[in-house]
Amino acid sequence: MSNKISEHQTLEIIPTQTAPQWAKFRKEMLKSFPSPYRGEKDSLADGINIAVRELDKLKPEKNGGSAFLGTNPALTIDFDNVKNSFLNPKMSSSEEVIKQVIKLFEGLPNWGHPLTMNNVNPQGNTAAIIAAILSEIFAPNILEGEYAWNIHQAELESGGILANLAGWESKKAGCVYTYGGSGCWTYHLKYALTRVLPDSRNRGIRTDAKVICSQQAHYTMLNSTDWSGLGMDNIIRIKTDIETNAMDTKHLEEVLKDCVAKKIPVASVVCTMGTTDANAFDSVEEVRKLMDKYPNPKGYGKTLLYCDSVIGWSWIVFKNYDFKKNPLGFSNEVLPYIEKNYNAIKGIFYADAFGVDFHKTGFSPYISSAFVYKDAKEFESLLSRGQSAYLQPRSPYNPLNYTLEVSRAATGSLAGWATLKFFGHEGFQSILGGILENKVYLKNQIAKKSEMVCVNPSDYGLVTLLRIYPEGIDAKVQFEKELCDKNFREDLIRHNKLTHDIGDKLFEWFRSGKKINGQCTPCLSFSTGFRSAEYNRDMEDKEALIYATKMFPMNVHITPEVMDHVLDCIIAARDEVMNH
Ligand SMILES: *Cc1c(COP(=O)(O)O)cnc(C)c1O
């Protein structure tokens, strides 16, 4: 022990008058690296404390503050000159740099503000944020055991918890945390291609295998098929039901039958489990049955079933919830919503793998996505590339042998794991159910106003979509006509434009600090086509689409009073747009 310390002391450079300049800078730098020893004055803990407090000063006052950080709403980047940048000749200090970092947060949307409702952008919970920050300090690397040591428990245990929620045998399952829902999609595709086209690992993809997903599938299917080299043309889109937006399994059957007849292999079928606007869930059980009925031709591996559940996954926490006794006391109106979402998501049981975004419905910071697979032995051996020469296995768990990434930060896995540990079933159930309580309140308020109509009333998801019409128009009657009757196409397009203008006005107000009822206005967004008109099911007509104002009451600071205020703001924005 004493040996170690004296070794360190001799290594430390003590500048004297004759010491070279580099040694002086190095000594100066010591202040801005964390001390490796306990109890010393450490710039890190103090620095984090100061920085977080400084960042907090950008938050608005409790009543009346706007939903972005700081006071300057403008985008201040000088885009013409920003790249005209050079490395400073002089050294700076970490304090100075952190001041500059904090300045960059000026104007950023404040995801925790009760008036922020623009997307599935939840505020991260404190346990997850702190866990993520801690992972940056000692930088565990979950490429393999030696560099992660006990920290890789976070990934292993997350895999176990998520697999158990899916109803799988958790010992045989696993997960890798990766770069987002897009990363999960890419992982599934790699898994599928390796399974179905075993030659592809060495020879590359030489066969136009197909990836089948619905018209509601996320556009990241383009990223994955493009970057994998499979090619975007190999995606087959299955029609969706106009009401539920779920995959039309009759159409899927036709496509699978056709592939079998033409001896075309199918790499994977993707069930989309929850979409941003339409809350569409595909029926995994039915899809599995069809896949069993139409296997790939001889010479190819078995088609993979992937659930892109990165938004919808968390409803699975209602597993074992007693919907009759309703121990958490959800309202009678909300209870069937929850039950319906749970019944939709539990189909992930039939999948080979599913995706989880903790940064969406897991209330965690970016990026914390887990790709969860049922058969760890298969996945890990199919993708295994063998041992690296310069790393020695020091643990039974060495994912670098099969992951896309080599070095992998533990930030996401610690954030995800911390959230699972913090929330438990109860916490998840309460936070998700609470969003629906606010949403249902909002829906009932909309129903009382003749100028507005909720256009996704039978949707059980987190978002409320509404259309507001000029004063004097009965919104419910008018919308029904625009939705179903081609004679009202011009009206539909005119009111789409109104919706668009209101959306732009609200964004302008949000940024400019406009006040209504003495409070700032919300950060909302709008959809330029969350569905098509009934007579335009094939979407041939690019304009006969339904625009709508969107509200995602994701964060825990939102109350019914806030929802009332938001409706007042939408009405005021409509009046402003109509009068100019
Ligand atoms: C958000 C989303 C993705 C992409 O996920 P990222 O985390 O943004 O990379 C993929 N699929 C669905 C259904 C999504 O909602």
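This section reports on the structure supplied with the text. This structure is a prediction, so every number in the text was calculated from the model and none was measured. (Residues numbered from 1 in each chain as written. Predicted model: local features only at pLDDT ≥ 70, side-chain atom pairs only at ≥ 80, totals over all residues. Heavy atoms only, no water.)

## Observations regarding the packing of helix H16 (residues 411–447) against helix H19 (residues 560–578)
- It is at 9 Å that the axes of H16 and H19 come closest, and there the two elements cross at 40 degrees. The orientation of H16 relative to H19 falls into the category oblique. In the packing of H16 onto H19, the handedness of the crossing is right-handed. Residues Asn 438, Tyr 441, Leu 442, Gln 445 and Ile 446 of H16 form the contact with H19, whose participating residues are Pro 560, Met 563, Asp 564 and Leu 567.
- Class assignment of the residues belonging to the contact of H16 with H19 gives a composition of 6 nonpolar, 2 polar and 1 charged. (Axes fitted to C-alpha atoms, helices over the stretch in contact; angles between N-to-C directions. Helix = DSSP H or I, 4+ residues; strand = E, 2+ residues; numbered from the N terminus. Parallel < 35°, antiparallel > 145°, perpendicular 65-115°, else oblique. Left-handed = near helix turned anticlockwise from the far one by under 90°. Contact = heavy atoms within 4.5 Å. Nonpolar A, V, L, I, M, F, W, Y, C, P; charged D, E, K, R; others polar.)

## A word on the sheet that holds strand E7 (residues 369–373)
- A sheet is described by the order of its strands in space; here 7 strands give the open sequence E1-E7-E6-E5-E4-E2-E3, paired in mixed fashion. Looking at which strands have only one partner, the edges of the open sheet turn out to be strand E1 (174–178) and strand E3 (235–238). Taken over all neighbouring pairs, the strand axes of this sheet differ in orientation by 20 degrees on average, direction set aside.
- Taken together, the 3 bridges between strand E2 (residues 210–214) and strand E4 (residues 266–272) define a ladder with parallel strand orientation. Within the sheet, the bridge partner assigned to Ile 212 lies in E4 and is Val 269.
- Contacting E1, strand E6 (353–357) and E7, helix H7 (residues 153–166) crosses the sheet at an angle of about 120 degrees to E1.
- The sheet strands contacting helix H11 (residues 249–261) are E2, E3 and E4, and the helix crosses E3 at an angle near 150 degrees. (Pairing = 2+ DSSP bridges.)

## Remarks on the environment of Trp 111
- As for its placement among the helices and strands, Trp 111 is situated in the loop between helix H4 (94–104) and helix H5 (126–138).
- On the basis of relative accessibility, which here comes to 27%, the residue Trp 111 falls in the partly exposed class.
- Apart from the residues lying within four places of it in its own chain, the contact partners of Trp 111 are Thr 116, Asn 118, Asn 121, Pro 122, Gln 123 and Asn 555. (Buried < 20%, exposed > 50% of the residue type's maximum accessible area, 1.4 Å probe, protein only.)

## Looking at the site of the ligand
- Taken together, Gly 180, Gly 181, Ser 182, His 218, Thr 220, Gly 274, Asp 308, Val 310, Ile 311, Asp 357, His 359 and Lys 360 make up the full set of residues near the ligand.
- With respect to the ligand, the side chain of His 359 contributes an N or O atom lying 2.8 Å from an oxygen atom.
- The separation between an oxygen atom of the ligand and a polar side-chain atom of Lys 360 is 3.1 Å.
- For the ligand, whose accessible area on its own is 380 Å², the fraction buried by protein is 85%.
- The set of elements that each furnish at least two residues to the shell around the ligand consists of helix H8 (180–196) and helix H14 (358–361).
- Ranked by residues supplied to the shell around the ligand, first place goes to H8 with 3 residues.
- In the shell around the ligand, the residues fall into 2 nonpolar, 7 polar and 3 charged. (Near = heavy atom within 4 Å. Polar contact = N/O pair within 3.5 Å; in protein donor to acceptor, adjacent residues only side chain to side chain. Areas by Shrake-Rupley, 256 points an atom, 1.4 Å probe, with all protein chains shown as cover.)

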